[in-house]
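Take a look at the letters that make up each chain.
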Amino acid sequence: MESSSVRTLEKIYVLYGANYSKDESYVKEVYRMGEALGKRGINLIYRGGSLGLMGCVSTATAMHGRRVLGIVPSAFTKINLIGKTCGKELKVATMYE
């Protein structure tokens, strides 16, 4: 008999734009993605900040009970370029770190 192994997705990294789309349907779908992550128990890792689609997905995920980790290049935090990160924030030297 074959052994089946079921893996559960625990976290996901998403990368959206820091601007809101001119097409409101994108904002709605990104919010729905965050909502779905929360309902399915999946934590979010993202580029950090509270602006645009990135802010939308992180807020929706957190509002639905999941942990959120924003990975933010330190240069962005010095001038508050991306807004306040939802959840925990990990500052890195560059996005390639």
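Source: prediction; values computed, not measured.

Caption draft 1: Representation of helix 1 (residues 24–39) within the structure. Its 16 residues give helix 1 an end-to-end C-alpha distance of 23 Å, which sits within 8% of 22 Å, the value for a rise of 1.5 Å per residue. Restricting attention to buried positions, one finds in helix 1 the residues Val-27, Val-30, Gly-34, Leu-37 and Gly-38. One side of helix 1 holds all its buried residues, which, seen down the axis, span an arc of 105°. Facing away from the buried side of helix 1 by over 90 degrees, the exposed positions are Glu-24, Lys-28 and Lys-39. Check the buried side of helix 1 and you find it contacts strand 1 (11–13), strand 2 (43–46) and helix 2 (52–63).

Rules used in this analysis
- Residues numbered from 1 in each chain as written.
- Predicted model: local features only at pLDDT ≥ 70, side-chain atom pairs only at ≥ 80, totals over all residues.
- Heavy atoms only, no water.
- Helix = DSSP H or I, 4+ residues; strand = E, 2+ residues; numbered from the N terminus.
- Expected span 1.5 Å × (residues − 1).
- Buried < 20%, exposed > 50% of the residue type's maximum accessible area, 1.4 Å probe, protein only.
- Arc of directions from axis to C-beta.
- Contact = heavy atoms within 4.5 Å.

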